[in-house]
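Survey of secondary and tertiary structure
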Amino acid sequence: MEDKNDEVKKTKEKLTDKSKKAEEKAAKEAAKAKERAEKEALKAKRKTARDSERSKKMVEKLAKKKAKAGIYAETIENVASSGTSAIHYLSPEDNPNLEITDDTILVVNNLTKVFHKKGQGEFTAVDHVSFTLNKGECLGIVGESGSGKSTIVKMITRLLDATEGTISLNGKDVTNVKGKDQRELYKNIQMVFQMPFDSFDPRHNLGCGVGESLRNNGMSKEDTNKRVAELLEMCGLEPEFASRYPHQVSGGQCQRAAIARAIAIDPEILICDEATSALDVTVQRQVLDLLVELRKKLGMSYLFISHDLAVVQQICDRVLVLYHGKIVETGTPDEIINSPKDPYTKNLVESVL
Ligand SMILES: Nc1ncnc2c1ncn2[C@@H]1O[C@H](COP(=O)(O)OP(=O)(O)O)[C@@H](O)[C@H]1O
Ligand SMILES: [Mg+2]
């Protein structure tokens, strides 16, 4: 009997021991979980602080850029009112006359692209093209379809490798940049394409598309929304357009949003590749007016590409005429239209008049 009692006692002891251990384990786990939660909270707090610091920095950086742009915009006004226009001399092979001044931001030197077509051998789409683009300048590249305009743009924006030649931006060779340097390049050079709807993801609203580069550069959601509304307004759209989807706007409105997207991080250069070609004439005029206004306001430089000399004449300070991948003539739009020297340019002018 006593033995049995002993056994019961022992079992009871064992059980209390076990539950004690379980309790201790649970307490230990709870303490650990608490510690973990505290650590996570601290980490999140630090991240929020870091994010808002980053966002603040981004807002400050944009404000600084804007102030700087104001100075350039004034310079453009002065140049425009004094009636002077810088003329650059180009020669297709070697470029002793490629005029580079303190105001030059982009230098394209002997840029060449050879495509290897299957069964057809080599095809030179861009042939030793050289030009400069200055701060606040609008440089036009005009030429018929297939003359190599988009290929030049693709090499400048690194969508295509150059076969030969160099591209430098603010004195830095960017011909073959990759990775971080390429992302840096995109902060300075942005594009507006021919098809407005190509600039946006149909599944996201326009606000999301316009603000994408801001978010990618660390701006907070709140600051991005504010900046998107500001950008849309600058481009002649009500802030409510931010919540519309691409299919809910017209081609002209979508192109305005595409311009807002392109100027979001204040690029130095805006490349417009046939940016108004898909729009009907009145809308085209309005978008051109917007581009003129933005250039004055922000002091950007434009590389304005079009097959249409009449459009180029309305907006550009200087024009390059491209034919079969080569620059055949350069001058102010008036010079080109009033006294074309090259036979191809003469044809181009006649087709416009
Ligand atoms: N990836 C490619 N492969 C082969 N040929 C191409 C490629 N891209 C463009 N081309 C050719 O290069 C020439 C110039 O094209 P492109 O630069 O698009 O002309 P543009 O923009 O002036 O209309 C065209 O003859 C075109 O067919
Ligand atoms: Mg093209």
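Procedures and definitions
- Residue indices follow the written sequence of each chain, beginning from 1 at its first position.
- A letter from A marks each chain and a number from 1 marks each ligand, given out in the order of writing.
- Thresholds applied to this predicted model are a pLDDT of at least 70 for local features of residues and 80 or more for the giving and counting of side-chain atom pairs; totals over whole chains, interfaces and linings are not thresholded and use all residues.
- Across the chain, each position has a pLDDT score giving the predictor's confidence in that residue, from 0 to 100.
- Here the contact rule is simple: place C-beta atoms from the backbone, and any two residues whose C-beta atoms are within 7 Å are in contact.
- The rule for pairing is simple: two strands pair if DSSP sees at least two bridges between them.
- Strands are runs of DSSP state E lasting at least 2 residues, helices are runs of H or I lasting at least 4, and numbering of each runs from the N terminus.
- To obtain each axis, a line is fitted to C-alpha atoms, and for helices this fit is confined to the stretch in contact; angles are then taken between N-to-C directions over 0 to 180 degrees.
- Buried means a residue has 20 or more other C-beta atoms within 10 Å of its own C-beta, exposed means 12 or fewer, and partly exposed covers the counts in between; C-beta atoms are placed from the backbone.

With that settled, consider the confidence of the model for the protein chain. Reading fine detail from the predicted coordinates is not recommended where pLDDT is low. Of all residues in the protein chain, 88% attain a pLDDT of 70 or more, and the chain-wide mean is 87. Here residues 78–93 scores under 50 on pLDDT; set against residues more than four positions off or in separate chains, the count is 22 contacts.

As a further point, take the sheet that holds strand β9 (residues 318–323). If you trace the six strands from one edge of the open sheet to the other, you get β6-β7-β8-β3-β9-β10, paired in mixed fashion. A strand with exactly one partner marks an edge of an open sheet, and here the two such strands are β6 (189–192) and β10 (326–331). Here the strands of the sheet are splayed against their neighbours by 20 degrees on average, with no regard to which way each runs. Of the pairings in the sheet, the one linking β6 to strand β7 (residues 269–273) comprises four bridges and is parallel in character. Note that in β7 the partner of isoleucine 189 across the bridge is isoleucine 269. The strands touched by helix α10 (residues 343–352) within the sheet are β9 and β10, with β9 carrying the most contacts at an inclination of about 110 degrees.

Moving on to unusual backbone geometry. Here glutamate 274, not a glycine, exhibits a phi torsion of approximately 55 degrees, which is positive. With phi around 50 degrees, histidine 324 is a residue other than glycine that occupies positive phi space. With respect to the helices, strands and loops of the structure, histidine 324 is situated in the loop between β9 and β10.

You can see serine 277 is positioned in the loop between β7 and α7 (281–298). Given 16 C-beta atoms within a 10 Å radius, serine 277 is considered partly exposed. Between the C-alpha atoms of serine 277 and isoleucine 305, which are 28 residues apart in sequence, the distance is 9.9 Å. Beyond its immediate stretch of four places on either side in the chain, serine 277 contacts Gln194 and Ser306.

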